[in-house]
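One letter stands for each residue in the lines below.
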Amino acid sequence: MSGKDDDQPATRVVTGGRRKEWTQGVVNTPVWRASTILYDNVAHLRETGKRRDTHHTLYYGRRGTPTQWALADALTELEPGAEGTFLYCSGVAAVTAALLSVLTPGDELLLVDSAYDPTTNFAAGFLKTFGIATRHYDPLVGGGIAGLIGEKTRAILLESPGSLTFEVQDIPAIVAAAKAREIVTILDNTWATPLLFPAIEKGIDLTILACTKYVVGHSDAMLGSVTAGPGFFAKLRNISFQLGQVASPDDCWLGARGLRTMAVRLKQHEASALKIAQWLSARPEVATVLHPALPSCPGHEYFVRDFKGSSGLFSFALRDGDEASRAAFIDALRLFGIGFSWGGFESLAIPADPKRALGVPHHGGALVRLHIGLEDADDLIADLDQGFVAFRAAQG
């Protein structure tokens, strides 16, 4: 008879973290809001204090309650081989904690040049001030990263696909080069989630999710997570406790609720985004479409080899577009909101202007980033079609 360990990922997003002692007879773990935890007597307080660094023990509100533990455990169960997960108040907080758990003054970080802007800013700001150097590398470097690893290199931060321009990295080659030199690998896996790319199984040491996106799924909570491979959780947890990191139980409850439908939502995001990306590829106004599942996207061959599917976020370059005509296109859209973030049920469009330290663009033209939500794909195509009318008019 098969057991829990044999369950498929789509089952685990539904069942993960729902311990009976936490749910207490209801379907969802209730919201446990707490700062002070009361003890029966001094001996009880002392004994609990000895175990305060372990998960699943009430000690003080900042150390978590069943509401946080339920979501953390569910995310850990989605990563075969993972040791544990720590939750944060945002994706950026998760990125910074992951980095600080493995880097110390004098170390060097290799950072993919297509990383999320706040990640790059943290490296150029806080890490630099803290005495940690950063070198950027081309997202398409693959196994060639071995030649970039120096005596002070301690970690490599990957983001695949890359933020805004969606280059897909050769993660197995980078992981192999890192392990050969005992370098820690950290992956921002927000685009794919563990359902489409099981990072720990692929050899990544620390995998990050901006749970604000697909885990929450409804654009109504800020949340982040880091899931650690074997040997990395204790250090991650300790630095996170020292930094005073804690995720709100209310936000964790929203994250757990969103997680239960993430598998089915991702399938719809994927289907609609692919249909729209393929339609855009045939438009004369479009120079290129940067969707990992299409051959036009740099690193597409690695996507085909390593990923189990795609999500709803991609970019495309407007042919002969400038700032004014791109703005006219976006402003004309009716069903696409204009706003940061993504992963919710609503479609979004924003101008994308990647800033690269290495100056390697891997694209051409004025970029527009689309998040394809859960609206009807044909309605979204019709909306984009009338956006192109405004684009052509703005071109004169």
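Residues numbered from 1 in each chain as written. Predicted model: local features only at pLDDT ≥ 70, side-chain atom pairs only at ≥ 80, totals over all residues. Heavy atoms only, no water.

It is worth spelling out helix α7 (residues 171-180) at this point. For the α-helix, the turn length of 3.6 residues means that residues three or four positions removed from each other point alike. Buried residues of α7: Ile171, Ile174, Val175, Ala177 and Ala178, and no others. Summarising the axial view, the buried residues of α7 lie within an arc of 165°, below the 170-degree limit, and thus occupy one face. As for α7, its buried residues are in contact with β3 (133-137), β4 (153-159) and β5 (184-188). Phi turns positive one or two residues past the end of α7, at Glu182, with a value near 60°. (Buried < 20%, exposed > 50% of the residue type's maximum accessible area, 1.4 Å probe, protein only. Helix = DSSP H or I, 4+ residues; strand = E, 2+ residues; numbered from the N terminus. Arc of directions from axis to C-beta. Contact = heavy atoms within 4.5 Å.)

Pairing is mixed across the open sheet formed by seven strands, whose spatial order is β1-β7-β6-β5-β4-β2-β3. The sheet is open, and its two borders are formed by β1 (84-88) and β3, each paired with just one other strand. If you compare each strand with its neighbour and ignore which way they point, the axes differ by 20° on average. Looking at chain direction, β1 and strand β7 (residues 224-228) are connected through five bridges and run antiparallel. Each residue of the ladder has a partner; that of Tyr88, found in β7, is Gly224. Contacting β3, β4 and β5, α7 runs over the sheet at an angle of about 170° to β4. Each of β1, β6 (206-209) and β7 is contacted by helix α9 (residues 233-242), which is oriented at about 20° to β1, the strand it contacts most. (Pairing = 2+ DSSP bridges. Axes fitted to C-alpha atoms, helices over the stretch in contact; angles between N-to-C directions.)

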